[in-house]
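# Structural description and commentary
Listed here are the chains, written in short residue letters.
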Amino acid sequence: MGRVRRRLPAFAALFYGVLAALVLLGVRDVLFFYEENRCSMTYMYEYPEYLKIKLPKKIARRYPAYELYLYGEGSYAEENKNLLLTGIPVLFLPGNAGSYKQVRSLGSIALRKAEDVDFKYHFDFFSVNFNEELVALYGGSLQRQTKFVHECIKVILKLYKGREFAPTSVAIVGHSMGGLVARALLTLKNFKPELINLLITQATPHTAPVMALDKYLTDFYTAVNNHWILKAQDLRNLTTLSVAGGLRDYQVRSGLAFLPRLNQHDSALSVVSSAVPRAWASTDHLSIVWCKELILATVRAFFDLIDENTRQITEDPKKRMSVLNHHFVRHPAKIFEENPEAFTELTGTFTWITVRGSKWTYSVYNDSDGKYFTYPLASHRKSYSHIYCENSMLDTSSWIYGCLKSNSSMCLEATDLSWRAELLPTTKIVLLKLQDYPSLSHIVVQVPPAAGNKYTLTCEFFREDSRAVQLPVTHLLSFGLSSSKILLNSSGLLYNVQLQHFHQIYQAFKIYIESHCQSHKERKPSVYRLHIPWSHEDSITVAKVPSLTEISAKLHTAQPQNDSSVPELNIYSSSDCQYEVVLKTSLLQVLGQIIRFHAGALPVYVVCNILLAYGGQLSTLMSIGQCSDFSHELVRTAKPYKVEPLISIVVFLLGFNWFREIWESLSLPEVDAAILSSQDAWFPLVSLILFLFGTGIAYWSGVFFSTSLRLFSSLWLTLIRPPVLGKDDKLITPRRLCGVLSLCLISWTTCGAFAVFLIYLQYLFKVIKLHVNLRAEQKLLNGDSDCSKETSQNLNMPTVKPQSLITSTSKATQPLSNSTTTAEVLNSLKMHVTILNLFTWTVLLYSPSLIYWLKNLRYNVRLDPDPCRSTALILICILEILMNSSTSKVKSSKLLKIAAKVPLPLSVAMLAFGRLHLFKVPHFVTFSLLLHVLCCVV
């Protein structure tokens, strides 16, 4: 029996060590395993200047920490010092801890673009200084920021009053939480929606906060998203573009940056930066504001949005969406035209050449003669379904046409099919379904004179079924031991590999593409595109031929329930090469997906496990009169089957109307798992994994906490004379009451989190003193009994002599109180350590508002509103009593049975309602500790 007991802690340490390692592997995948930074830095051509805009005194007094600036460089900055502005106003809103100076990348590129058109049009970029507030950690200032932005818009428009082509609206670019503030403008009662007609957000978490750390943050999100859903018809004149950063942005995952699905799909667009044409790069949370490729796409879109008549951004919503689709979704390698001509005449002294084969390649270098190659469709319609062409000349001229009217030698009237083309990193392509063009007699490809340029053109006819290959993905639980493989041994130019059953966010794969070529001549690189049809989150990889390329396949958003499309791996291949595609499940990336989507919920699972162990300690105290060790109770009580099944049953029953009506009639909040389930982001297996992760973290955090206490006590014993534990059976004394009142006053007048932190330090000091006293007694005693050794080892506490021996030790340290046995002191110490461990996580959850308060202390001593002021007052009173309590009083209490059983239902409730609302976790902890206090009194 003794061997089993000794093996159990070792096995538990190994098991929880494996769990902690899996968590670290998932974190490592999120933080470090992504594509290299392909963004170019944006540099200013001249020294950037920020002209502070003088605000009305009333606004300046109401918002002393906020400011408004106008960006400028060189002569442009000098000309605008008097604020005689004639451009198009754009307002930049920084995000969490963001600087107003982040506008410089947009402002500088737009200024260079205006110089290219001789300032026929130009933009004036304004930026708001939010004092780098941490609004992602504290939501109490979001409403204040929103109201200030409203005032700034009115101030900006007044600057143009009386000018020719004076604007009536402002375009807004919002980074991170700045984009959410911009959306919140429409929720203000006195805000006129016509004041903004274009909103571009960069890495903004629209769907939900990354971590819901206070009630004000979640209330703000609820108000904004509900307004946008309920007032969808009123938002048709506002065009919104959301750009997410992709896998490099581990602060805001791209799924959160997708705008809520609204009825007016024609006025809102969400894309991932890796899918943006001419950028094709994932960005991290900060580089998205300076990534040159992305900034160029944004500025080009701004200039294409200008209405020549009003010299402002067009008021036509359809044109705005057309421009955004042109630059951010599908770029045809042509300069944007609002209404391109439907028909055109092919003129010029070009040579006309008829091509009758199904596949044809033309390469030329330094050719001064232009040519028209015609492909008669009549002979190909029966045998083939599609024609595919690719062109290596990446200019913006038209190059492919559909012939409507022709004679024996040339095409007389044609339609420009270049608008159907698509730009890729190394080529521009066009894929046409012949059935969609029944009136065309020929496809005409134009080859212009290529003086000094190398130029390659390739076209082929094919049947769709010959190029579409199905590849079933491997099972999520295959752990990479099995694989799916296909061999593409044709000489085609395009293959579509359909990834069957790839639709969940937890699926993650490694795709290996190995190319083999018949000859070693120089070939164009291959382009591999992972295409997700239900959202704009494609990723593109360019690889040399031959080569072995590894591609990560994982989703930002799950497949909608009413969508039956299939993700594809598009291979734009090199001719005469074979491609072997191998797909395997990647365990590390699956862990990364779990962490990416649910890392914010891990504190809830950790506290849930600690709370279960805490309840187990109270239970053993009631049954055998002794408090067991935290790690032992964690192994015994932290079982997922005690918590998870009940939540799964509730989620299942909520799918029935009768149960939902009963639930709502009781005014119960919606279960977080039900919300996640509706977003296809929650499965019972994943919840089980997260629970086990939480158990591992709780175990090792307990080990770390206990080790830290021993180190502090050892340092204390080395440097300072051991403290004295005097007799004091009273829970409340006048001195302690004064301390409680002082902390309550601090909480009420400054910041609740600050007062909680102070009481935490006081509690920590008390526990260290108790630990030091016990170790001092041990040090002064000569020899140890076998019984005390075994007890100390089992309880993970210092060995202490029985009380009768302690009283005979040296007088240098006062002996422990005669009314308190050694076992009771050890029990009390263990209980204090667990409570302190539980309270540590509460302090961590309250720390964001504390950080925010410290950062803004120079503007206001009192945090208003304070998300934890009321809870802090209760916690101060509770902890002042608990830190002076002992288990001898608790185990004789009539309420101990209730206090020991309550942590389990509290843990269930915590997981049910706290996964998406972290600010609720301290409430459950406070209630459990309150029962403990009552046990000390009753």
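Residues numbered from 1 in each chain as written. Predicted model: local features only at pLDDT ≥ 70, side-chain atom pairs only at ≥ 80, totals over all residues. Heavy atoms only, no water.

### Observations concerning the overall build of the protein chain
- A tally of regular secondary structure across the protein chain gives 27 helices and 29 strands.
- Based on the C-alpha atoms only, the size of the protein chain along its principal axes is roughly 120 × 70 × 60 Å.
- Out of the 938 residues belonging to the protein chain, those deemed buried represent 55%.
- Here the analysis covers contacts within the protein chain between residues at least 6 apart in sequence; of these, 80% occur between residues at least 24 apart.
- Surface accessibility of the protein chain: about 41500 Å² in total, with carbon and sulfur atoms responsible for 56%.
- Of the charged side chains in the protein chain, 93 are positive and 72 negative, and the gap between their average positions amounts to 10 Å. (Helix = DSSP H or I, 4+ residues; strand = E, 2+ residues; numbered from the N terminus. Buried < 20%, exposed > 50% of the residue type's maximum accessible area, 1.4 Å probe, protein only. Contact = heavy atoms within 4.5 Å. Areas by Shrake-Rupley, 256 points an atom, 1.4 Å probe, with all protein chains shown as cover. Lys, Arg positive; Asp, Glu negative; His and termini not counted. Charge placed at Lys NZ, Arg CZ, Asp CG, Glu CD.)

### A short note on empty space enclosed by the protein
- The final tally for this structure, using the stated rule, is 3 cavities of 30 Å³ or more.
- Space inside the largest cavity adds up to approximately 50 Å³.
- Looking at the largest cavity, the residues that line it are Ser828, Met831, His832, Ile835, Leu882, Ser885, Ser886, Thr887, Val890 and His932.
- Going through the elements one at a time, α22 (822-855) and α24 (887-890) are the ones with two or more residues in the lining of the largest cavity.
- No other element matches α22, which puts 4 residues into the lining of the largest cavity. (1 Å grid on protein atoms, 1.4 Å probe; cavity = no way out; pocket = protein on both sides within 12 Å on 5 of 7 lines; lining within 4 Å. Points joined across faces, edges and corners; volume = space filled by probe spheres on them.)

### Thoughts on a positive patch on the surface
- On the surface, Lys54, Lys57, Lys58, Arg61, Arg62 and Lys147 cluster together into a patch of positive charge.
- With 4 residues, the top contributor of residues to the positive patch is helix α2 (residues 57-62).
- By the element assignment, lysine 147 lies in helix α5 (residues 142-159).
- Owing to a relative accessible area of 40%, lysine 147 belongs among the partly exposed residues under this scheme. (Patch = residues over 30% accessible without salt bridge, like charges linked within 9 Å, V, L, I, M, F, W, Y side chains within 5 Å. Salt bridge = Lys/Arg side-chain N within 4 Å of Asp/Glu carboxyl O.)

### Regarding the sheet that holds strand β28 (residues 568-572)
- A sheet is described by the order of its strands in space; here 5 strands give the open sequence β21-β23-β28-β25-β26, paired in mixed fashion. Two strands in the sheet have a free side with no partner beyond their single neighbour: β21 (468-472) and β26 (539-543). Here the average twist between neighbouring strands, direction ignored, is 20°.
- Bridging between strand β25 (residues 526-531) and β26 involves 5 bridges; their strand directions are antiparallel. Directly across from leucine 530, in β26, lies its bridge partner serine 539. (Pairing = 2+ DSSP bridges. Axes fitted to C-alpha atoms, helices over the stretch in contact; angles between N-to-C directions.)

### Quick look at helix α9 (residues 317-328)
- Here α9 spans 16 Å end to end across 12 residues, near enough to the 16 Å set by a 1.5 Å rise per residue.
- By the burial criterion, the buried members of α9 are Lys319, Arg320, Met321, Val323, Leu324, His326, His327 and Phe328.
- Looking at where α9 begins, the residue whose side-chain oxygen comes 3.1 Å from the main-chain nitrogen of lysine 318 is aspartate 316. (Expected span 1.5 Å × (residues − 1). Polar contact = N/O pair within 3.5 Å; in protein donor to acceptor, adjacent residues only side chain to side chain.)

### Regarding the packing of helix α12 (residues 602-624) against helix α27 (residues 921-937)
- Where α12 meets α27, the axes come as close as 11 Å, and the angle between the chain directions of the two elements is 10°. Relative to α27, the element α12 is oriented roughly parallel. Mapping the contact onto sequence places Val604, Val607, Leu611, Tyr614 and Leu618 in α12 and Val921, Val925, Ser928, Leu929 and His932 in α27.
- Taken together, the residues of the contact of α12 with α27 sort by class into 8 nonpolar, 2 polar and no charged. (Parallel < 35°, antiparallel > 145°, perpendicular 65-115°, else oblique. Nonpolar A, V, L, I, M, F, W, Y, C, P; charged D, E, K, R; others polar.)

### Observations concerning the pattern of salt bridges
- Under the defined criterion, the tally for this structure stands at 21 salt bridges.
- For aspartate 219, the salt bridge identified is with lysine 215, shortest N-O distance 2.8 Å. Placement of both aspartate 219 and lysine 215 in helix α7 (residues 215-230) is noted, with a separation of 4 residues, approximately one turn of the helix.
- The partner of glutamate 633 in a salt bridge is arginine 636, and the shortest N-O contact between them spans 2.7 Å. With glutamate 633 and arginine 636 both in helix α13 (residues 630-637), this residue pair falls 3 residues apart, about one helical turn.
- Via salt bridges that share partners, Glu46, Glu73, Arg112 and Glu115 belong to a single interconnected network.

### Remarks on the side chain of asparagine 129
- Its place among the elements puts asparagine 129 in strand β4 (residues 123-129).
- Judged by relative accessible area, asparagine 129 falls into the buried class, the value being 11%.
- Engagement of the side chain of asparagine 129 in a polar contact is seen with the backbone nitrogen of asparagine 131, the distance being 2.9 Å.
- Excluding residues that lie within four positions of it along the chain, asparagine 129 makes contacts with Ala65, Tyr66, Glu67, Tyr69 and Tyr100.

### Regarding the confidence of the model for the protein chain
- Residues of the protein chain with pLDDT of at least 70 account for 92%, and the chain-wide mean is 87.
- Of all secondary-structure elements in the protein chain, the lowest mean pLDDT belongs to helix α21 (residues 803-806), at 34, while strand β5 (residues 171-175) reaches the highest, 97.
- In the model, residues 782-820 has pLDDT below 50 throughout and makes 72 contacts with residues more than four positions away in sequence or in other chains. (pLDDT = per-residue confidence, 0-100.)

### Points about the state of the cysteines
- One pass over the structure, following the stated rule, counts 4 disulfides.
- Numbered by position along the chain, the disulfide-linked cysteines of the protein chain connect as 1-2, 3-6, 4-5, 7-8.
- Free cysteine: cysteine 608, not disulfide-bonded; nearest cysteine sulfur from cysteine 627 at 19 Å.
- Given the relative accessible area of 0%, cysteine 608 is considered buried.
- Lacking any disulfide linkage, cysteine 751 is separated from the closest cysteine sulfur, that of cysteine 868, by 5.5 Å. (Disulfide = S-S within 2.5 Å.)

### Thoughts on the nonpolar core
- Core analysis: the largest hydrophobic core is formed by 124 residues, its most contacted members being Ile647, Val671, Leu882 and Leu929.
- Considering each element in turn, this core owes the most residues, 16 residues, to α22. (Core = buried A, V, L, I, M, F, W, Y, C linked by side-chain atoms within 4.5 Å.)

### Details of the side chain of aspartate 249
- Along the chain, aspartate 249 falls in the loop between β7 (239-244) and β8 (268-272).
- Arginine 596 is the oppositely charged side chain nearest to the buried, salt-bridge-free aspartate 249, at an N-O distance of 8.9 Å.
- Here aspartate 249 is in contact with Ala203, Thr283, Asp284 and His285, once residues within four sequence places are set aside.

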